[in-house]
Structure formats: structure tokens, C-alpha cells
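# Observations on the three-dimensional arrangement
For reference, the chains in residue letters:
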Amino acid sequence: MKIATWNVNSLRVRLPQVLDWLAATQPEVLALQETKLPDEEFPVAAFQEAGYEASFSGQKTYNGVALVSRTAAQSVIREVPSLEDPQRRVIAGTVQGVRVINLYVVNGAEVGSDKFSYKLDWLEKVTAFVSDQLREFPQLVVLGDFNIAPDDRDVYDPELCRERILCSTPERQALRRLLELGLVDTFRLFEQEPESFSWWDYRAAAFRRNMGLRIDLILANESMARRCTACRIDKGPRALPRPSDHAPVIATFRDDTR
DNA sequence: ATGGTGGCGCGGCCA
């Protein structure tokens, strides 16, 4: 089964691209971030016509996450305990026996800002939530837009970005604490092209110059990591007219024979 | 330090 993540930066704008991509890629699950849609405007019918069910947690203008899946997600959670957050950034559900936790991690604006503090606090509380979910679900992936480049391989210019937002030590430590629960970055289980990124700023022709970061991740617990046979970034949609600034990432898992 | 672009929605905010 393929499990994918894509920050679409407005599902209203990107819906045709998402439907085309689903038809071409045929994942079991696609986790979306930055849908920017209230729930009553989520395009349920368009996905059903494409053979997909959807669970979503949205709001007007900002944020918004969804799980699009061949079979409907079960035991869906939209709230993280102890994180009283009007921002819709988390949705978790179970699909074909796999717990899928979809995160749109806080961007954080600038190191040391109020938003940066919110990011670190948010990550701490989400890590506690993931810890609980790991105890409850034997097969689990955490994926989404982490807004953190795990290490310097994931940064187009590590010196320029040193200790700046998305790359700073406190952010990387917060990600490490999440990984230390027993998760692995599936992308790094496999040989990859150098300078593989998943996000490129719209500005300064960053995509053409491959000035990007790898901030969209698919993390797997030990059981799912054993099943993982591939993880790749699909740069195709980023090259289309009117693209999202993020590319989709896809991990493949073999059937669970246990 | 700023600005470059894009989405939302119509003035800035967010990324």
C-alpha cells in the first residue's frame, strides 16, 4: 500500500491537480495539509467520484488537514489532548489497520518569535499524543508538513540557513524527541538523490534553482518501517502551472504478513 | 534587513 502526504496550499485551487495525481498514483491514503477550507465546503463528492473517502478538519483561510483514503478512516481524532488549539492542524485515523497521524506543524515565523514558542510547545504536546497513540496502535505512521528540515542534507544551503527557521537546533531537537519514541524517517531508509527537497519558496525562482528544503516527512514505527519498501518525492506537480509550493511524498509498504 | 510570490479576500496576514 502507498501512503502519501501533500501540502496543497488551498484545496480549492489545487483540487484538479490532486484528483489527477490520485488517478495517476493510486495511493491507499493521501494526507493533505493547508486545505484552507471550512468543513462544509470540503469537496466530498469530487473525491467520492474518484473512488476516495475523506475525513477532514478545516477552517476558513488558514490551516486545515484531511485524510483521503480508498476506504473510510476509522476512529478519527481531530483534537490533541492538552492542546487547546483553534488552528486545525491534526487529524488521525485508521485505514486498513494502519494508524495514520497527519500533522501540519506550526511554521514558527522566526527563531525566538512568539510563533516559534508556539511551535515548540505544539510539538511537545503532539509528541505526547503520538506517544499515547503508539501504545494503542501497533502499526503507525506520522506524516505531513513538519516545517523542520531534519538535517543539513535536507537544506539547499546549510550555512545560509544555519539556526534559522525550519533548520534551528531547538526545532531539530523537538523532531528528534518525536523520532526517539520509536519512529524512523522512511525517506532515509533508502538511497536518495543528493539535494532532494519537498518544498521550494514561490519566490526567487527557487524551484528552478532547486533552492528547497525537505520538510514533508513520512515517519514509521518499527513495525511499519519493516514493511516499507520505498519512499520518494514526486516533483512533478511542483512543475505544473499554478502549483502548490510543496511536492507530494509517497511511501510504499508491503502487505502485513506478520 | 528587505524583498521576492502566492492564497485569501479586499487590507494585511501568513507562509
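Read on for a plain summary of the structure. (Residues numbered from 1 in each chain as written. Chains lettered and ligands numbered in written order. Predicted model: local features only at pLDDT ≥ 70, side-chain atom pairs only at ≥ 80, totals over all residues. Heavy atoms only, no water.)

Looking now at the sheet that holds strand 7 (residues 98–104). Taken together, the 6 strands give an open sheet; going across it, the order is 5-6-7-8-12-9, and neighbouring strands pair in mixed fashion. The two strands at the open ends of the sheet, each matched to only one other strand, are strand 5 (74–77) and strand 9 (183–185). Ignoring strand direction, the axes of neighbouring strands in this sheet form an average angle of 20 degrees. Examined bridge by bridge, strand 9 and strand 12 (residues 216–221) share 3 bridges and lie antiparallel to one another. (Pairing = 2+ DSSP bridges. Helix = DSSP H or I, 4+ residues; strand = E, 2+ residues; numbered from the N terminus. Axes fitted to C-alpha atoms, helices over the stretch in contact; angles between N-to-C directions.)

By secondary structure assignment, the location of R99 is in strand 7. One buried charged side chain, R99, makes no salt bridge at all; its nearest oppositely charged neighbour is E136, positioned 6.2 Å away. Of the polar contacts made by the side chain of R99, one reaches the backbone oxygen of S75; its length is 2.8 Å. Setting aside anything within four residues of it in sequence, one finds R99 in contact with Q74, S75, I77, A92, G93, T94, Q133, F137, Q139, L140 and V141. (Buried < 20%, exposed > 50% of the residue type's maximum accessible area, 1.4 Å probe, protein only. Lys, Arg positive; Asp, Glu negative; His and termini not counted. Salt bridge = Lys/Arg side-chain N within 4 Å of Asp/Glu carboxyl O. Polar contact = N/O pair within 3.5 Å; in protein donor to acceptor, adjacent residues only side chain to side chain. Contact = heavy atoms within 4.5 Å.)

Quick look at the nonpolar core now. Core analysis: the biggest nonpolar cluster contains 28 residues, and I3, L67, V100, V141, M224 and F253 have the highest contact counts within it. Ignoring sequence-local partners within four residues, the contact set of L67 consists of V29, L30, A31, E53, A54, S55, A73, I91, A92, G93, V100 and N102. (Core = buried A, V, L, I, M, F, W, Y, C linked by side-chain atoms within 4.5 Å.)

Time to look at the packing of aromatic side chains. Going through the model one piece at a time under the given rule, you end up with 4 aromatic pairs. Residues W6 and W21 carry aromatic rings whose centres are separated by 5.6 Å and whose planes lie at 55 degrees to one another, so their mutual orientation is tilted. With a gap of 15 residues between them, W6 in strand 1 (residues 2–7) and W21 in helix 1 (residues 11–25) connect regions that are remote in the sequence. Geometrically, the ring pair formed by F42 and F56 is stacked, given 4.2 Å between the ring centres and 15 degrees between the ring planes. A residue pair is termed long-range when its members are at least 10 positions apart, and F42 in the loop between strand 2 (29–33) and helix 2 (44–49) and F56 in strand 3 (residues 53–57) qualify at 14 residues. Ring-pair connections join several aromatic residues into one group, and the members of that group are F42, F47 and F56. (Phe/Tyr/Trp six-rings, centres within 6.5 Å; stacked < 30°, edge-to-face > 60°.)

For strand 2, the tally of buried residues reaches 5 of 5 residues, placing the bulk of the element in the interior. Both faces of strand 2 are covered, namely the face carrying V29, A31 and Q33 and the face carrying L30 and L32. In the sheet, strand 1 pairs with strand 2 via 5 bridges, with the strands oriented parallel. Following the sheet pairing, N7 is matched in strand 2 by Q33. The parallel pair strand 1 and strand 2 is bridged by helix 1, and the resulting crossover is right-handed. Strand direction decides the pairing type here: strand 2 and strand 4 (residues 65–69), joined by 5 bridges, are antiparallel. When the sheet's bridge partners are listed, L32 is paired in strand 4 with A66. (Right-handed = clockwise from strand over helix to strand, strands pointing away.)

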